[in-house]
Structures are given as C-alpha cells and as structure tokens.
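Listed below, chain by chain, are the residues.
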Amino acid sequence: MPTALILGAGSDMAVAIARRLAERKYDLVLAGRDMELLGTLQKDLQIRNGVQVTTATFDARNYDSHPAFYAANKADLCVCAFGYLGDQDKGMTDWTEAERILATNYTGAVSILNVVAEDYIKRQTGTIIGISSVAGDRGRGSNYLYGSAKAGFTAYLSGLRNRAFKTGVTVITVKPGFAATRMTAHLTLPPALTASPEQVAAAVIKGIDGKKNTVYVKGLWKWIMLAIRMIPENVFKKMNL
Ligand SMILES: NC(=O)c1ccc[n+]([C@@H]2O[C@H](COP(=O)([O-])OP(=O)(O)OC[C@H]3O[C@@H](n4cnc5c(N)ncnc54)[C@H](OP(=O)(O)O)[C@@H]3O)[C@@H](O)[C@H]2O)c1
C-alpha cells in the first residue's frame, strides 16, 4: 500500500485530507506537534479504514531535525499542511511574531520539502502537495507578512515542479481561498467564497488524480485573483485591502 506523510496533520484541512487518503487505502504518517490529538486521530483512522497509521513529532521550525525526521518517515506522497496566520499588526513591530509567520509558512516548508524532494527525485516517483494561499498572489496591507511567505512558498513549489517534471515527480500547489478552520475561526468570512475542510480535501484528491499543477478549491478565486493581479500598482496602493 502507498504511504502518505501528512505534515501539520492536526490542521483541520489535514484531518479531512487524511480521511480521504485513508479511504483510498493509503497508510498514513501523521506528523505534527500535538501528539495527543494525533493519537486520537490515528486510532480513529485505523479503525474506520483498516490502514496502518503512525504518528511522528514534527516541528516545521526545527530545521536541523528535518533530515532525520524524514529518514524515519519516508512516504510516497507528502502533504505540507502546516501554517500560521499570525498577527500582522504585531508582526510589524515584533520580530518574534514576524519570524514565526515567515518560518512556519515558508522556510520551514522549504527545509522539509528540500529533503522530501531529493528523495522523490532520486526515486523518480512521488507526489508533493503544498497548501499555499491566494494571499501569496498579491501582497495586501492587511496581511503581507503571511502573504509574502505564501508567495515564496508558491514560487518554491512552482520551481520544484519545473525541476522535477522530467523525473516523474508531481508537485501540486493548493490555494484554498477562505477556508472555515481553526485558523479563521475569529474571522467573518463570506460563505460563497469559503470552503469547508472537506471541500479542500476533495479538491486535493482531484488534484492527485489529475496530476494538477495548481488547484483553486473554489474556482471563483482563480478569477478574483486574476482581476486583483491586473489592478495597476498605482491604483492598488490606494485601495484599502
Ligand atoms: N483557513 C484558511 O482560510 C486558509 C486559507 C488558505 C491557506 N490556508 C493554509 O492551509 C493550511 C492548513 O491550515 P488550516 O486552515 O487547516 O489551519 P489550522 O487548523 O489552524 O492548522 C494549522 C496547523 O499548522 C500547525 N503548525 C503551526 N506551526 C507549526 C510548526 N512550527 N510545526 C508543525 N506544525 C505547525 C498547527 O499545529 P499546532 O496545533 O501544533 O499549532 C496546525 O495543525 C495552512 O498552511 C494555512 O496557511 C488556510
């Protein structure tokens, strides 16, 4: 059976993705920081789906641990789902907060995916799925720390896809738009533009089946972001976004 490694497996989206992969008979490695939560999820997925599920401690910001972590938890498919929205206002004056946003959404992902990608490229097989964000499609005044980290992550995934294409490795960038998860529980989101974790998971499965490059979970976001990217900078800078 193929194995899927889920990084940030306690995230609401990751839980939904793990359920869909377990239904497809993937064995799973649930990696993250909250081992109690992952232990509960492990038992549930095993009982419901009859697949092998293990848990592993993973901290995206503990870069030095990543090579040994991956050596102990190799898989055929890797979902990079961890992330941190953070507090933009705080981050503008507090480097600890800014660095946490940048490291969790960008450098942490690069650190672990560099290791995963080398293995996949060597084996000439494998699928990497990165959960990025439409926030990375254009920097906005209200969240450009998170947005710039996701922009970096999107560019990283694009470059990796370009490099890995001829080796048979698939790299999928997922842009959920708004999603109703723990991360956004404090925000009022427009229902028509907001995906559930289950919708994100369904889009991920579709992306795997179709070997897609970029997946916008709600298709409307693709056109919204195209329009936003086309606004001239001279106009965009005056907008209150
Ligand atoms: N919700 C949205 O509207 C939205 C939109 C676009 C993209 N995204 C992205 O989608 C992904 C999943 O987010 P979600 O909405 O499902 O949010 P979530 O439920 O808040 O999950 C975030 C996860 O990231 C983990 N995490 C944070 N820092 C970590 C670290 N240093 N090492 C390992 N894990 C860490 C958290 O683990 P702990 O429990 O240990 O903190 C948590 O499991 C993220 O990359 C997010 O940026 C979300």
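In what follows, the structure referred to is the one given above.
Notes on the structure follow. These numbers come from a predicted model, not from an experiment.

A few words on the pairing of strand β3 (residues 53–57). Successive side chains on a regular strand alternate, one facing one side of the sheet and the next facing the other. Pairing geometry for strand β2 (residues 27–32) and β3, over five bridges, is parallel. Residue pairing in the sheet places Leu-28 in a bridge with Val-53 of β3. What joins β2 to β3 is helix α2 (residues 35–49), and the crossover it makes is right-handed.

The next subject is the site of the ligand. Close to the ligand lie 28 residues; Arg-33, Ala-60, Tyr-146, Ala-179 and Thr-181 are nearest. Tyr-146 places a side-chain nitrogen or oxygen 2.7 Å from an oxygen atom of the ligand. Separating an oxygen atom of the ligand from a side-chain N or O atom of Lys-150 is a distance of 2.9 Å. Here the ligand, which alone exposes 900 Å², has 91% of that area covered by the protein. Only α1 (12–23), α5 (95–123), α6 (144–164) and β7 (178–179) provide two or more residues apiece to the shell around the ligand. Of the residues in the shell around the ligand, the class split is eleven nonpolar, eleven polar and six charged.

One pass over the full model with this rule turns up twelve salt bridges. With a closest N to O distance of 2.7 Å, Asp-119 and Arg-123 form a salt bridge. On the criterion of helical spacing, the pair formed by Asp-119 and Arg-123 is a turn pair, its members being four residues apart in helix α5. In this structure, Arg-229 and Asp-137 form a salt bridge, with 3.4 Å as the shortest nitrogen-oxygen distance. Of this pair, Arg-229 sits in helix α8 (residues 220–230) while Asp-137 sits in the loop between β5 (127–131) and α6, placing them 92 residues apart in sequence.

Along the chain, Glu-97 falls in helix α5. Each residue touching Glu-97, except ones within four places of it in the same chain, is listed here: Tyr-84, Gly-86, Asp-87, Lys-90 and Gly-91.

This brings us to the packing of α1 against helix α7 (residues 197–209). One can describe the packing of α1 onto α7 by two numbers: an axis separation of 8 Å at closest approach and a directional angle of 50 degrees. Looking at the two axes, α1 sits oblique to α7. The handedness of the crossing between α1 and α7 is right-handed. Between α1 and α7, the residues in contact are Asp-12, Met-13, Ala-16, Ile-17, Arg-20 and Leu-21 and Pro-197, Glu-198, Val-200, Ala-201, Ala-202, Val-204, Ile-205 and Ile-208, respectively. Grouping the constituent residues of the contact of α1 with α7 by class yields eleven nonpolar, no polar and three charged.

Parameters and conventions
Per chain, residues are indexed from 1 in the order of the written sequence. Since the coordinates come from a predicted model, pLDDT governs what is reported: local features require at least 70, and pairs of side-chain atoms require 80 or more to be given and counted, while whole-chain, interface and lining totals use all residues. Note that the side-chain values use all heavy atoms of the structure and ignore hydrogens as well as water. DSSP bridges decide pairing: two strands pair if at least two such bridges lie between them. Each helix is a run of DSSP H or I of at least 4 residues and each strand a run of E of at least 2, with the numbering of both proceeding from the N terminus. Orienting the strands away from the viewer, one traces the path from the first strand over the helix to the second; a clockwise path indicates a right-handed crossover. Put simply, a residue is near a molecule or strand once any heavy atom of it comes within 4 Å of that molecule or strand. Each polar contact in these results corresponds to two N or O atoms within 3.5 Å; when the atoms are within protein, one needs to be able to donate a hydrogen and the other to accept it, and residues that are neighboring in sequence are counted only if both atoms are side-chain atoms. Only the protein chains shown count as covering a residue, and every accessible area follows the Shrake-Rupley method with a 1.4 Å probe. Here the term charged refers only to Asp, Glu, Lys and Arg, the term nonpolar to Ala, Val, Leu, Ile, Met, Phe, Trp, Tyr, Cys and Pro, and the term polar to all other amino acids, Gly among them. Whenever a carboxyl oxygen of Asp or Glu lies within 4 Å of a side-chain nitrogen of Lys or Arg, that contact is scored as a salt bridge. Note on definitions: a residue-residue contact is assigned when non-hydrogen atoms from the two residues lie within 4.5 Å. An axis is simply a line fitted to the C-alpha atoms; with a helix, the fit covers only the stretch in contact. Between two such axes, the angle follows the N-to-C directions and lies from 0 to 180 degrees. Angle categories: roughly parallel below 35 degrees, roughly antiparallel above 145, roughly perpendicular from 65 to 115, and oblique for all the rest. Handedness of a helix crossing follows the sense of rotation of the near helix relative to the far helix, less than a right angle counterclockwise being left-handed and clockwise being right-handed.

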